[in-house]
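Spelled out from the first residue to the last, the chains are:
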Amino acid sequence: MREETRRCLQSDQAHCWHPFTRQAEWCARGHEPLVIVRGEGVWLWDSEGRRYLDGNSSIWTNIHGHAHPVINEAITAQLGKIAHSSFLGFTHPLAAELAERLCGYFPTGSLERVFFSDDGSTAIECALKMASQYRQQTGETGRDHFVAFTNAYHGDTLGAASLGGVKRFVERISGRGFPVIQVSSMTELSAHPVERIAAVIIEPLIQGVNEMRPWPTGMLAALRRWCDETGVHLILDEVMTGFGRTGKLFACQQEQVIPDFLCLAKGLTGGYLPLAATLTTGEIYDAFLGSPERSFSYGHSYTANALGCAAALANLNLFTQEKTLERLPEKIAHIAAGLAQLQATSPLVHKIRQCGFIAGIELRRPDGEKFPVHERLGEAICHQAKRHGLLTRPILDTLVLMPPLSSTLGEIDHALDALRETLKS
Ligand SMILES: *Cc1c(COP(=O)(O)O)cnc(C)c1O
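The rules we used
- Residues numbered from 1 in each chain as written.
- Predicted model: local features only at pLDDT ≥ 70, side-chain atom pairs only at ≥ 80, totals over all residues.
- Heavy atoms only, no water.
- Helix = DSSP H or I, 4+ residues; strand = E, 2+ residues; numbered from the N terminus.
- Rg over C-alpha atoms; globule rule 2.2 N^0.38 Å.
- Buried < 20%, exposed > 50% of the residue type's maximum accessible area, 1.4 Å probe, protein only.
- Contact = heavy atoms within 4.5 Å.
- Areas by Shrake-Rupley, 256 points an atom, 1.4 Å probe, with all protein chains shown as cover.
- Lys, Arg positive; Asp, Glu negative; His and termini not counted.
- Charge placed at Lys NZ, Arg CZ, Asp CG, Glu CD.
- Core = buried A, V, L, I, M, F, W, Y, C linked by side-chain atoms within 4.5 Å.
- Domains from an automatic or database assignment.
- Salt bridge = Lys/Arg side-chain N within 4 Å of Asp/Glu carboxyl O.
- Polar contact = N/O pair within 3.5 Å; in protein donor to acceptor, adjacent residues only side chain to side chain.
- pLDDT = per-residue confidence, 0-100.
- Near = heavy atom within 4 Å.
- Nonpolar A, V, L, I, M, F, W, Y, C, P; charged D, E, K, R; others polar.
- Pairing = 2+ DSSP bridges.
- Axes fitted to C-alpha atoms, helices over the stretch in contact; angles between N-to-C directions.

1. Observations regarding the overall build of the chain
For step 1, the next point in the chain: Tallying secondary structure elements over the chain gives 15 helices and 17 strands in all.
For step 2, the next point in the chain: Computed over the C-alpha atoms, the radius of gyration of the chain is 22 Å, within 12% of the 22 Å expected from 2.2 N^0.38 for a compact globule of 425 residues.
For step 3, the next point in the chain: By its C-alpha atoms, the chain is 65 × 55 × 45 Å across when sized along the principal axes.
For step 4, the next point in the chain: Counting over 425 residues, the chain shows a buried share of 53%.
For step 5, the next point in the chain: Looking at the chain alone, contacts between residues at least 24 apart form 71% of all its contacts between residues at least 6 apart.
For step 6, the next point in the chain: For the chain, the accessible surface area stands at approximately 19500 Å², while carbon and sulfur atoms represent 54% of it.
For step 7, the next point in the chain: Charge-centre separation for the chain: the mean point of 40 positive side chains lies 4 Å from the mean point of 46 negative side chains.

Okay, structure coming up:
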């Protein structure tokens, strides 16, 4: 082990506390987590000089690859001017331009306002607070509940987490946060009385943390119709699905749906910096005008961070410059064909779930039974995949394959080969 690696691990294991991590195992003697020191395109290098393909886009964030000259240049140019100033009381050119660009993806008169924050969780938190305050200010105080879907994941701040349905994450906070009604399908939702409901929130097309589980085709459009009939607002959590991940820039465009709130984060800056956006309609915005106490009392210190806005604008420009979306269908078909072959040749592959550039590979025993949870097979497989030059993280026993959209067919093959070799051994 190189001195640089040793020193990093020593300080980390003495002082860092990692997200969603069993720290005792992390700090155990013999556990040597990778120290990532460099990235270029879809590749990551560790401090020992080994190269890996970024198979989950650095936890679902990266779009056009690492150290992209266009994004690097945009951040550097802004850094030469100013890194950050306050969006409370002031504005700056890049935030104004970015807000205009984001609204420009939707028809005039629909999503017209952008509220910036930092992460997926805060983008959701913001939508929930807006949706809730909107009802208070339109004389509908009884409409104070949110509807969320079973096994949903919307982030970890208290409000966002209270709408989550993944038991292992939310049982510690049950009973706190927003009042929530959980439903598992459109049928169940349609049977529910609507008087108390402010808004319904969903991860459109596919639930991420729920082991990459797609919704039935047409479900999103049906949900929009139901919202129109009942006056319930529709909040779309496109934190994972946004920015091309499903094959279109936004997942809602796959079913011609425009939500009342659209939450964007992970891919907004191409995976470079924490920045999030909550988009909403002019009608909702208007309910916050008038007397001072009607305004939206919410915000974070780094709202509309200038470096983040620079990265986001460069990210959007790259979609045009590199024809990112136009190139996706061929790549998506290539992933599908490769995964079908993987399923045909590996008895451990139980089910492939794919939505555009997002894929989940569920592993089970050849008899179709799940492996015991404590065996942590998914983790063990991902650990082995590192030896074949692939980095990814499982969700239980579902392996995630979600490389940057910039991946070439050859790079996709590298990831598929690594999975095949790993499953073989
Ligand atoms: C990651 C994610 C979030 C939370 O975003 P953070 O940036 O981690 O706070 C919310 N919703 C979905 C669908 C996500 O994938």
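2. Description of unusual backbone geometry
For step 1, the next point in the chain: Positioned with a positive phi, S57 is a non-glycine residue whose angle comes to about 50 degrees.
For step 2, the next point in the chain: Position of S57 among the secondary structure elements: in helix 3 (residues 57–60).

3. Section: the nonpolar core
For step 1, the next point in the chain: Counting 93 residues, the largest nonpolar core has L102, L223, W226 and F243 as its most contacted members.
For step 2, the next point in the chain: Summarising the domain contributions, this core has at least three residues from each of domain 1 (34–64 + 325–424) and domain 2 (72–321).
For step 3, the next point in the chain: When near neighbours in sequence (up to four residues on either side) are disregarded, F243 contacts I63, L102, L249, F250, L264, G267, L268, N315, L316, F319 and L405.
For step 4, the next point in the chain: Counting 26 residues, the second-largest nonpolar core is a separate cluster that includes A123, A148, A160 and V239.

4. Comments concerning the pattern of salt bridges
For step 1, the next point in the chain: Overall, the coordinates contain 21 salt bridges when judged by the stated rule.
For step 2, the next point in the chain: Put simply, E125 and K129 hold a salt bridge, and the shortest N to O gap is 3.9 Å. Within this pair, E125 and its partner K129 are both found in helix 6 (residues 120–137), separated by four residues, close to a single helical turn.
For step 3, the next point in the chain: Judged by relative accessible area, which is 34%, K129 ranks as partly exposed.
For step 4, the next point in the chain: A single network of salt bridges, built from pairs that share partners, joins R22, E25, R376 and E379.

5. Focus: the environment of R113
For step 1, the next point in the chain: Structurally, the position occupied by R113 is in strand 4 (residues 111–117).
For step 2, the next point in the chain: With relative accessibility at 39%, the residue R113 sits in the partly exposed group.
For step 3, the next point in the chain: Between the C-alpha atoms of R113 and G30, which are 83 residues apart in sequence, the distance is 51 Å.
For step 4, the next point in the chain: One polar contact links R113 to Y285, side chain to side chain, over a distance of 3.4 Å.

6. Looking at the confidence of the model for the chain
For step 1, the next point in the chain: Mean pLDDT for the chain: 97, with 100% of residues reaching 70 or above.
For step 2, the next point in the chain: The spread of mean pLDDT over the elements of the chain runs between helix 8 (residues 167–170), the lowest at 82, and strand 11 (residues 261–264), the highest at 99.

7. Section: the site of the ligand
For step 1, the next point in the chain: Taken together, the neighbourhood of the ligand is formed by W60, D119, G120, S121, Y153, H154, G155, E203, D237, V239, M240 and K266.
For step 2, the next point in the chain: Contact distances for the ligand include 2.6 Å between an oxygen atom and a side-chain N or O atom of S121.
For step 3, the next point in the chain: For the ligand, the protein covers 85% of the area, taking 380 Å² as the surface of the free molecule.
For step 4, the next point in the chain: For the shell around the ligand, a count of residues per class yields four nonpolar, four polar and four charged.

8. Structural notes on the sheet that holds strand 6 (residues 180–183)
For step 1, the next point in the chain: One open sheet accounts for seven strands, arranged 4-12-11-10-7-5-6; its pairing is mixed. Every other strand in the sheet has two partners, leaving strand 4 and strand 6 as the edge strands with one partner each. On average, each strand axis in the sheet is inclined to that of its neighbour by 20 degrees, with strand direction left out of account.
For step 2, the next point in the chain: For strand 5 (residues 145–149) and strand 6, the ladder comprises four bridges, and the chain directions are parallel. Looking at the pairing, F149 lines up with V183 of strand 6.

9. Some thoughts on the side chain of T422
For step 1, the next point in the chain: Residue placement: T422 occurs in helix 15 (residues 409–424).
For step 2, the next point in the chain: Engagement of the side chain of T422 in a polar contact is seen with the backbone oxygen of A418, the distance being 2.5 Å.
For step 3, the next point in the chain: Residues contacting T422, with those up to four places away along its chain left out, are I381, Q384, A385 and H388.

10. Remarks on the pairing of strand 3 (residues 51–54)
For step 1, the next point in the chain: As paired elements, strand 2 (residues 43–46) and strand 3 share three bridges and run antiparallel to each other. Across the sheet, the residue bridging to W43 is L53, located in strand 3.
For step 2, the next point in the chain: Joining the antiparallel neighbours strand 2 and strand 3 is a turn of four residues, in which G49 adopts a positive phi near 85 degrees.
For step 3, the next point in the chain: Pairing analysis gives two bridges linking strand 3 to strand 15 (residues 390–391), with the strands arranged parallel. Paired with D54 across the strands is L391, a residue of strand 15.

11. Some remarks on the sheet that holds strand 2
For step 1, the next point in the chain: Strand order in the open sheet formed by four strands is 1-2-3-15, and the pairing between neighbours is mixed. Lying at the two open borders of the sheet, with one neighbouring strand each, are strand 1 (36–40) and strand 15.

12. Observations regarding the pairing of strand 5
For step 1, the next point in the chain: Most of strand 5 sits inside the fold, with five of its five residues counted as buried.
For step 2, the next point in the chain: In strand 5, alternate side chains face the same way, and those of H145, V147 and F149 on one face and F146 and A148 on the other are all buried.
For step 3, the next point in the chain: Taken together, the four bridges between strand 5 and strand 7 (residues 197–202) define a ladder with parallel strand orientation. Pairing of A148 across the sheet is with I201, part of strand 7.

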